[in-house]
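For reference, the chains in residue letters:
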Amino acid sequence: TEVGLPVIALFYGWFLTKKSVDCLLEYYKSFLEDLQKRPLFLEETISTFTPGDQKLPPILDIYFSRSKFSGGRNLLHCTANFTDYGQTPGAANYVKSSGLGRAFKLQLTALFVTPRTVGARVKLSRAQLPLFNFDESVSEPTTGDPVTPDPGSRAHVTLGCAPNVEPVQTGLDLMDILRSIEGDEKPSITLNMDLGKLCCYGKGRWMLDLTKPIPVNSLFSGFYA
Ligand code: A2P
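Overview of the structure. In this text, all values refer to a predicted model and were calculated from it rather than measured experimentally.

### Details of the site of the ligand
Near the ligand there are 13 residues, and of these Ser-70, His-77, Thr-79, His-156 and Thr-158 occur at the shortest range. In the model, an oxygen atom of the ligand is placed 2.6 Å from a nitrogen or oxygen of the His-156 side chain. Within the backbone of Pro-167, an N or O atom sits 2.9 Å from an oxygen atom of the ligand. Contact with the protein chains hides 78% of the accessible area of the ligand, taken as 540 Å² for the molecule alone. When residues of the shell around the ligand are traced back to their parent elements, those giving at least two are strand S2 (77-81), strand S5 (156-161) and helix H5 (168-182). Along the lines of polarity and charge, the residues of the shell around the ligand split into six nonpolar, six polar and one charged.

### Re the pattern of salt bridges
Tallying each qualifying case throughout the model produces seven salt bridges. Residues Asp-22 and Lys-18 are paired through a salt bridge, measuring 2.8 Å at the closest nitrogen-oxygen approach. Pair noted here: Asp-22 and Lys-18 are both in helix H1 (residues 18-36), with a separation of four residues, about one helical turn. Given a relative accessible area of 35%, Asp-22 falls into the partly exposed group. Overall, the relative accessible area of 62% leaves Lys-18 in the exposed class. Here Arg-205 and Asp-176 are joined by a salt bridge, their closest N and O atoms 3.0 Å apart. Of this pair, Arg-205 sits in the loop between strand S7 (196-200) and strand S8 (206-223) while Asp-176 sits in helix H5, and the two are 29 residues apart along the sequence. Its relative accessible area of 4% is what places Arg-205 among the buried residues. Beyond isolated ion pairs, a larger network of salt bridges with shared partners links Asp-176, Arg-179, Glu-185 and Arg-205.

Rules used throughout
- Residues numbered from 1 in each chain as written.
- Predicted model: local features only at pLDDT ≥ 70, side-chain atom pairs only at ≥ 80, totals over all residues.
- Heavy atoms only, no water.
- Near = heavy atom within 4 Å.
- Polar contact = N/O pair within 3.5 Å; in protein donor to acceptor, adjacent residues only side chain to side chain.
- Areas by Shrake-Rupley, 256 points an atom, 1.4 Å probe, with all protein chains shown as cover.
- Helix = DSSP H or I, 4+ residues; strand = E, 2+ residues; numbered from the N terminus.
- Nonpolar A, V, L, I, M, F, W, Y, C, P; charged D, E, K, R; others polar.
- Salt bridge = Lys/Arg side-chain N within 4 Å of Asp/Glu carboxyl O.
- Buried < 20%, exposed > 50% of the residue type's maximum accessible area, 1.4 Å probe, protein only.

Right, dumping it as structure tokens:
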């Protein structure tokens, strides 16, 4: 009888349940609506989108269209391992030991926005961390003081990307902000929002540590399309 060949996915990760996706997208939308009303935010961020006195597009239009994402608008996930259909080394062993189909609660601890991406930072638990397979030092710049990021610091859920930006940029943007923070850079602007303090680290890069982390439910699985 035919047993079928094992297939390695494009990537593995924690996929939010439908209920958590609905909640988080609502939350994300109201966050963007709030940002839209903040002149200091718009001056710093939106000015990087359009030159001069052109009419500025609403921030909701820039970041909320998620139609070109893998799985479309209604899928939110935290990538654990980008295996590229088996092109990356160790993918087959990873799949064997990853325990697909297990349910996890993820804690979202911060939101971040740059002119390119919006994401939610994920604080991985001790059980989740071994599944996260990223060499975070790869995104280190070659100049300046090397800062070794904590394992799992790149973990995030991509919420939105500006037009013509690929979702892989979100993790790089997060690492870039964390480097500024770890390098003891003080925020140039801070805005008090309902969710916490939104701090600007220059060049339109913002981070908000949530006063109250958001728990979301997820299933560890692969994405194949
Ligand atoms: P992220 O995890 O930041 O959201 P795509 O649709 O472009 O093929 O990407 C599918 C998912 O895999 C995205 O969610 C994306 O980013 C992630 N991803 C894409 N390319 C890479 C890469 N080279 N390294 C790590 N993650 C990637």
